[in-house]
Amino acid sequence: MEKIASHWLRKNITTAKDAMEIARVEHTQYMKWKSEGSLTTIAKPFTGNQKPLREERLPEWFHKKDDIPVAKAEPRNESLEVEKQKLLAKLALKKGKGG
């Protein structure tokens, strides 16, 4: 009831005659839309059941990650090898002391 009252207020309806007239016009418009929609099933509007198609923009740094020189990657590998050797040496020392 409140929905109808607010609709009438927006449309500036003050009499029952105005309300009946607007109801007829809107019903006719609704029936027109309904009949047009059933004939063109190919071009259905978005109903909410489908996911919207959108294209996500990638940040600039995403494309720049391929530009990293190989020289910067090598010191990391060397430091990992050094750390690996240190751990192996520690393990060897522990086994030598315990055995």
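Residues numbered from 1 in each chain as written. Predicted model: local features only at pLDDT ≥ 70, side-chain atom pairs only at ≥ 80, totals over all residues. Heavy atoms only, no water.

Colleague: When you look at the overall build of the protein in this model, what are you seeing that I'm missing?
Modeller: Summing up its helical and strand segments, the protein has four helices and zero strands in all. Looking at the 99 residues of the protein, the share that counts as buried comes to 3%. When the accessible surface of the protein is totalled, it reaches about 10500 Å², and 60% of it is carbon and sulfur. (Helix = DSSP H or I, 4+ residues; strand = E, 2+ residues; numbered from the N terminus. Buried < 20%, exposed > 50% of the residue type's maximum accessible area, 1.4 Å probe, protein only. Areas by Shrake-Rupley, 256 points an atom, 1.4 Å probe, with all protein chains shown as cover.)

Colleague: Explain the pattern of salt bridges to me, please; I cannot follow it from the model alone.
Modeller: Pairing between side chains of opposite charge can happen when the charged atoms of each approach one another. In the structure shown here, the tally under the stated rule is one salt bridge. Put simply, glutamate 83 and lysine 86 hold a salt bridge, and the shortest N to O gap is 3.9 Å. Taken together, the residues glutamate 83 and lysine 86, both in helix α4 (residues 70-98) and three residues apart, mark about one turn of the helix. On the basis of relative accessibility, which here comes to 43%, the residue glutamate 83 falls in the partly exposed class. Judged by its relative accessible area of 47%, lysine 86 falls in the partly exposed class. (Salt bridge = Lys/Arg side-chain N within 4 Å of Asp/Glu carboxyl O.)

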